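# Architecture and fold: a report
Take a look at the letters that make up each chain.
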2 protein chains.
Amino acid sequence: MKALYFDGKQLTLTDLPVPTPEIGEALVRIRYAGICNTDLEILKGYMGFTGVLGHEFVGVVEEAPYTDLIGKTVVGEINIPCGRCDFCQKGLKNHCPNRKVLGILNKDGVMAEYTTMPIQNLHVVPPNVPELEAVFTEPLAAACEILEQIDIMPDYRILVLGDGKLGQLIAQVLRLHSENVWVVGKSPYKLKLLEQFKIHTVLKDQVDFPPQYFHVVVEVTGNWSGLEMALRYVRPRGFLVLKSTYAGEHPFNPAQLVINEIVLVGSRCGPFPRALSLLERGEVLVEPLLSGIFPLDQYEKAFKRSQEKDVLKILLQVSGEPGE
Amino acid sequence: MKALYFDGKQLTLTDLPVPTPEIGEALVRIRYAGICNTDLEILKGYMGFTGVLGHEFVGVVEEAPYTDLIGKTVVGEINIPCGRCDFCQKGLKNHCPNRKVLGILNKDGVMAEYTTMPIQNLHVVPPNVPELEAVFTEPLAAACEILEQIDIMPDYRILVLGDGKLGQLIAQVLRLHSENVWVVGKSPYKLKLLEQFKIHTVLKDQVDFPPQYFHVVVEVTGNWSGLEMALRYVRPRGFLVLKSTYAGEHPFNPAQLVINEIVLVGSRCGPFPRALSLLERGEVLVEPLLSGIFPLDQYEKAFKRSQEKDVLKILLQVSGEPGE
C-alpha cells in the first residue's frame, strides 16, 4: 500500500505491506486524512516519532471481528491504551502510561491506504455526516474536552486566544454555551469566518479588554505570549484552559495564580461521541475550515499549503474518488 | 495604645491612638495575634506594606453597632472588600480589586491593643473553643479553602509538600476526607507531630514515591523545588494545589500540564465558618502547633523565635492575662 513514512528526517511516499489486524482490531481503508499542527511538529522532531504519519482520518472498515462493522464509515480515537493498568481501569484510558498513539507514539498513522485499529477506538459516523466533515471529529473532540473539564455557565465571558483550526472549533463549541465568546487572532480572514456564529473577534494588536475581564480564557496560540495574555485577562477564580504546548522553558512566576485563585486546566484529547453528535445535529460547522484537498501523492504540495497564510485544514485524499 | 508598627524598614513598638470605628465597624481589643510567614515576608518588603503588622488574631468586641456583639470573643476575616464592585456582588469578595487586607494592604493590622473591623468580617468564637485555638482560625480557613475548590474523594492519594504551620493544618483537614495523606518535610520533629493523626510522613531526602502517584498534591513549601516535586508526583488528570508564592521568576514549561491534563489550582484565603466548626467539633487539633507565647513588648524575641528550627506557631499576647 502507499504510505507517507517519516524516517526521522524525511517524509516520503513509500510502498509498505498492508498491516494485519491483531485480535480485536479492524482493518480500515483510509478515505481522508487531515494535516494537523502536531504532524508539522513531528516533522521537526516532536516525540521522536518514526513511522507512518497522521492521526486524523475517516475511513471504511474492510475487516473486523464483528461483521456488522464491515463496510461502515468510521473515525477513530488516537490513544490506544493497554486496558490493564490502573489508569485504564479507572476510565482514564487516554492517560494510560503504556498507550500507543496513532501516528505519534509507537503506532503507524493514517496517511496510508490502510490502518489497523482496536474496534473500541472506532466510532461509526452517523449517516447524515459527510466524510469531509467526519474527518474533523478528532480536533472537534479536543475542543469538546473543555466541556468535560469546566461547567460553562451562560453568563460567562469567554476569551479564546488563537484563530487557527483548533481555536475556531473551540470558539464554536463554547459559543453553544455562552453568548459572550471572543476570539483574538492575527488573521482578518480567519476571524471573519467566526462572525457567522455571532462570535466576537479582535485582532491581536487591537486588543483592549479591561484586565481580569474573562471567566474563562482558552490559550491555543502555541506561543508563550499567549499564556502571558491569558494571565492578563483571566479574572480571579477564573479558568485558564491551556491547549498549547510550547517548545523550551520560559521565565515564570505562578504567584498570580495563587493570589487570584486561578484554576489552570491542561486540556488535550476529547470525547468522540460528543463531537460526532455536534456534527450530526449541525451545531458545529466544519466546512468553513476546509482549505484544500490533495491526493496522497501530492503530499508535498499539501504540507506546504497547510503552512501558508490564511489556510486552515488541508486534507489528504487517500483512496476512492474525491468527494465520494 | 501599644502597636507594632512597620515603617518599611524597621518594626518598632510604638504608641498610637486607639482607632475609631467607621460606620458598620466594631472596635476589637486584641487578645492574641499570630506570627505568620506572610508577616516575615512583609518585613522583607513584600507588598510594600507600612503600618501596624499582623492579620491573625482573637479578640473581644468593645464597641459595635449591634450591642449583642459587645463582649463577644471574635476572630476576623482579613479581606475587607468594597461591597459594591462586580466581584463583591458575585460573592467573590476575597478577590475585590478595591479590597483592603488586614496588616497587608492599606489597613492597619492586629499586633496592637485595638483594631477596627467591619462587623461582616467578624465571627463569634464558639464557647467551647479556647482563645489559644481560635487564633488559628485564619490559617485553618486557608487550609479549608482546598475543600471549597476540589471534591476530595475517599480513595484519593494526597501528598502535602511542606511540614510547616500551613502544611500541618492542610494535612489534618485533608486527612478528614481521605485515609491516604502523605506529608513530605525537612523536620523530623514537625513530621512526628502528624503521626498522631495517622498521616504518613517522609523526609524530603528520603522520598521514593512512584512518579505520578497522587491524585492531589498540595505545594506549600514556599520553594520552587516544591513545585518541581509536585509536578513529578501528581497523576494525569490530578490536582496540583498551589499555596506557595515564590520570589522571582523561574524557567518553566507547562507542556506536562497539558499532556497530562493536570488541573493547577491557586488557593489562598478560606472560609472562617468551616474552620471554626472544625475547631468546635475538635476535628482539627491546633494545640500541637503552638510553639510559644510572648508578650507584645517582647516582639523581638518572638519574631526571632518564630524563625528558628522546629518552631511552628508563635503568638503575641497583646492584652489581658496569659491563658485568660
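If you're wondering where the values come from, they're calculated on a predicted model, not measured in any experiment.

Residue and element names in this part refer to chain B. Where helix H4 (residues 137-149) contacts helix H9 (residues 272-280), the two axes come as close as 8 Å, and the packing angle between them is 110°. Between H4 and H9, the crossing angle belongs to the class labelled roughly perpendicular. Taking contact as the criterion, the partners of Thr-137, Glu-138, Leu-140, Ala-141, Cys-144, Leu-147 and Glu-148 in H4 are, on H9, Phe-272, Arg-274, Ala-275, Leu-276, Leu-278 and Leu-279. Grouping the amino acids of the contact of H4 with H9 by side-chain chemistry returns nine nonpolar, one polar and three charged.

The next point concerns the interface of chain B and chain A. Contacts between the two partners involve 43 residues from chain B, matched on the other side by 43 residues from chain A. Surface buried jointly by chain B and chain A totals about 3500 Å² across both partners, of which 56% is contributed by carbon and sulfur atoms. Taken as a group, B:His95, B:Val258 and B:Glu261 account for 17% of the area that chain B buries against chain A, more than any other trio of residues on that side. Taken together, chain B and chain A are joined by four salt bridges. A salt bridge links A:Arg237 to B:Glu145; the shortest N-O distance between them is 2.6 Å. Our enumeration of links across chain B and chain A arrives at 19 residue pairs in polar contact (both at pLDDT 80 or more). Only helix H2 (86-89), H4, helix H7 (224-233), strand E15 (234-242), strand E16 (250-252), helix H8 (255-259) and strand E17 (263-266) of chain B provide two or more residues apiece to the side of chain B that touches chain A. Considering only residue class, the side of chain B that touches chain A consists of 21 nonpolar, eleven polar and eleven charged.

Attention shifts here to the side chain of A:Asp163. Residues and elements named next belong to chain A. Tracing the backbone shows Asp-163 in the loop between strand E11 (157-161) and helix H5 (165-175). The side chain of Asp-163 is buried and forms no salt bridge, while Lys-190, the nearest opposite charge, is found at 4.8 Å. Sequence-distant contacts of Asp-163, defined by excluding residues within four places in its chain, comprise Gln-168, Val-183, Val-184, Gly-185, Lys-186, Ser-187, Lys-190, Leu-191 and Leu-312.

Scanning the model with the defined rule gives 13 aromatic pairs over all chains in all. A centroid spacing of 4.8 Å and a plane angle of 90° characterise the contact between A:Phe209 and A:Phe214, whose relative ring orientation is edge-to-face. A:Phe209 gets classed as buried once you look at its relative accessible area, which sits at 12%. Ring geometry for A:Phe252 and B:Phe252: centres 5.4 Å apart, planes at 15°, overall stacked. A residue pair is termed interchain when its members come from two chains, as with A:Phe252 in strand E16 (residues 250-252) and B:Phe252 in strand E16. For B:Phe252, a relative accessible area of 7% translates into the label buried. By the ring-pair criterion, three or more aromatic residues cluster together here, those being A:Trp224, A:Tyr246, A:Phe252, B:Trp224, B:Tyr246 and B:Phe252. The positively charged end of B:Arg157 is found above the aromatic ring belonging to B:Tyr213, 4.1 Å away from the centroid.

Reading the values: the criteria
- Residues numbered from 1 in each chain as written.
- Chains lettered and ligands numbered in written order.
- Predicted model: local features only at pLDDT ≥ 70, side-chain atom pairs only at ≥ 80, totals over all residues.
- Heavy atoms only, no water.
- Axes fitted to C-alpha atoms, helices over the stretch in contact; angles between N-to-C directions.
- Helix = DSSP H or I, 4+ residues; strand = E, 2+ residues; numbered from the N terminus.
- Parallel < 35°, antiparallel > 145°, perpendicular 65-115°, else oblique.
- Contact = heavy atoms within 4.5 Å.
- Nonpolar A, V, L, I, M, F, W, Y, C, P; charged D, E, K, R; others polar.
- Buried area = accessible area lost by both parts, 1.4 Å probe.
- Salt bridge = Lys/Arg side-chain N within 4 Å of Asp/Glu carboxyl O.
- Polar contact = N/O pair within 3.5 Å; in protein donor to acceptor, adjacent residues only side chain to side chain.
- Buried < 20%, exposed > 50% of the residue type's maximum accessible area, 1.4 Å probe, protein only.
- Lys, Arg positive; Asp, Glu negative; His and termini not counted.
- Phe/Tyr/Trp six-rings, centres within 6.5 Å; stacked < 30°, edge-to-face > 60°.
- Lys NZ or Arg CZ within 6 Å of the ring centre and 35° of its normal.

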